[in-house]
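# Structural description and commentary
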Amino acid sequence: MITRRLSAGALGAALIVTAPLALRAQSLADRVASGNDGAVQFSYSARPGVCGNGRSFVSIGSNTYIGSYSMNDGAVRESCTPGPVRVVVSRAGSTITSVETFVGTMENAAPAMGSAPRDLGRVPARQAAEYLLSLAARLEGRPAKDAIMPAVLADSADVWQPLLAIARDAGRPRETRTHALSWMGRATNELGAAPSAPVAAALVALAGDDNAERTIREQALSTLSRLPRGEGIPALIQMVTAGNQTWLGPKAMNTLANSGDPRAREFLRTIADRASVNDDIRLVAIRGIGRTYATSQDAAFLRQLYAKYPSPAIKESVISSVAEVGGRENLQFVMSVAGNPAEPVEVRRKALSAASRAEAPIGDFIALYAKVDRPLKEELISLYSRRTESAAVDKLISIAKSDEDTTLRRRAISRLSQSKDPRAATTLREIVVP
């Protein structure tokens, strides 16, 4: 056998080659845990579409910003640089106290507090995601929650199944679990980092799990509604049509009511006018129809629905929804309800209040005074005192001087005494000293 001895130079060269290899063989967790207390940072490639300013904000898609940023004419003023992701993990002994995420060039990095973080350099993105998700799966409090976002941002990392496992883990803090579900939706939607069909199936199963916490099930429904291409809408519709009137059906209905998907809107109209549906579900549908995405056709549908269902709760919900849509035709409808003596007084009050919030013309309220009885006149007097138009003060003055009902005259005088309009003070003096 031949024994060879390395020269001092050769031995040194071998050590130089093998030391980095040994370092790379260590897991990222080991590298973070090694060394003294303090902050450790590492960086890795970001998913396409992820950018940031290196300090205060991260963007994960079109107009989706996380963090603080300055705006100028509706646009973010600072430049948004694609990747890399930089994570700073702070430690006190073996305890991880914080996980911070930055995206963008190091030149724009936030200044370090105290000593600069120990830098591990660039690491493989998938390895970083695995490590960060392991933190989310075992840490407590904010560090667990904060480890989720940088994992999702890691290029080419498979994250949705680990996120689902965290969401399902009843031993994890509730905030961490809901955060995992929320980012699972973002990974699928804004980042295209997860297959929407399997994600939708997993969310449906979690939402329907009677053994899961309500908060987790609600977050699953919310995430389902935000999947790309409306992938979750048919599942939500099925939850309602399956006849589950206990918890899941109404919650799924409420989730659909917040969606702008055309299929959801059509389904809301169908449910709102379905005779077999209970009033709780119908109310959710009506409120949903009148929200952000309401059209003039939706308002017309609600107006014709008003007379079909006698429940005061249904009527009041229709009134509110129609008023929120706004427009002359809708406000005239609401005012007509307020002036209809055949309607219950509480419904008429609701109509008056809704018309006021929708800023119906003051002339409509003034014309209404002669058509209603005392309870509604009292409401109108209060309303006049809150309006800023001169016509409103003129009407209060008229009532204070000449209304045949002394109770209403006193109420108008009381409202005039609180007015800063000079005519109010003049009128009060004339009434006191004829």
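Here we summarise the structure given alongside this text. (Residues numbered from 1 in each chain as written. Predicted model: local features only at pLDDT ≥ 70, side-chain atom pairs only at ≥ 80, totals over all residues. Heavy atoms only, no water.)

## Concerning the environment of arginine 229
Structurally, the position occupied by arginine 229 is in the loop between α9 (214-225) and α10 (233-241). Overall, the relative accessible area of 68% leaves arginine 229 in the exposed class. The sequence separation of arginine 229 and asparagine 189 amounts to 40 residues, and the corresponding C-alpha distance is 8.7 Å. A polar contact is formed between the side chain of arginine 229 and the side chain of serine 196, at a distance of 3.1 Å. (Helix = DSSP H or I, 4+ residues; strand = E, 2+ residues; numbered from the N terminus. Buried < 20%, exposed > 50% of the residue type's maximum accessible area, 1.4 Å probe, protein only. Polar contact = N/O pair within 3.5 Å; in protein donor to acceptor, adjacent residues only side chain to side chain.)

## As for the state of the cysteines
Going through the model one piece at a time under the given rule, you end up with one disulfide. Between the sulfur atoms of cysteine 51 and its disulfide partner cysteine 80 the distance amounts to 2.0 Å. Taking the sign of the torsion about the S-S bond as the criterion, the disulfide between cysteine 51 and cysteine 80, at about 95°, is right-handed. Residue cysteine 51 is located in strand β2 (residues 51-52), and its partner cysteine 80 is located in the loop between β6 (75-76) and β7 (81-82); the two are separated by 29 residues in the primary sequence. Relative accessible area serves as the criterion here: at 13%, cysteine 51 is assigned to the buried category. (Disulfide = S-S within 2.5 Å.)

## Topic: the packing of aromatic side chains
On inspection of all chains with the given rule, the structure shows four aromatic pairs. A network of ring pairs unites the aromatic residues Phe42, Tyr44 and Tyr131 as a single cluster. Above the ring of tryptophan 183, the side-chain terminus of arginine 186 is found at 4.7 Å from the ring centroid. Over the face of the ring belonging to tyrosine 309 we find arginine 282, whose NZ or CZ atom lies 4.0 Å from the ring centre. (Phe/Tyr/Trp six-rings, centres within 6.5 Å; stacked < 30°, edge-to-face > 60°. Lys NZ or Arg CZ within 6 Å of the ring centre and 35° of its normal.)

## What to know about the nonpolar core
In terms of nonpolar packing, the biggest core is built from 126 residues, with Phe42, Tyr44, Leu132, Leu153, Phe365 and Tyr384 touching the most fellow members. Looking at this core, the element that brings in the most residues is helix α3 (residues 125-138), giving eight residues. Setting aside anything within four residues of it in sequence, one finds phenylalanine 365 in contact with Met335, Leu352, Ala355, Ser356, Ala360, Leu380, Leu383, Tyr384 and Arg387. (Core = buried A, V, L, I, M, F, W, Y, C linked by side-chain atoms within 4.5 Å. Contact = heavy atoms within 4.5 Å.)

## Section: the pairing of strand β8 (residues 85-92)
A regular strand places its side chains on the two faces of the sheet in alternate fashion. With seven of eight residues buried, β8 is to be regarded as a mostly interior element. Of the pairings in the sheet, the one linking strand β1 (residues 38-44) to β8 comprises seven bridges and is antiparallel in character. Pairing of alanine 39 across the sheet is with serine 90, part of β8. As paired elements, β8 and strand β9 (residues 95-103) share eight bridges and run antiparallel to each other. In the strand pairing of β9, alanine 92 is matched with threonine 95. (Pairing = 2+ DSSP bridges.)

## Some details on the pairing of β1
Where burial is concerned, most of β1 is hidden: five out of the seven residues are buried. The pairing of β1 with strand β10 (residues 118-122) spans three bridges and is parallel. In the strand pairing of β10, serine 43 is matched with arginine 122.

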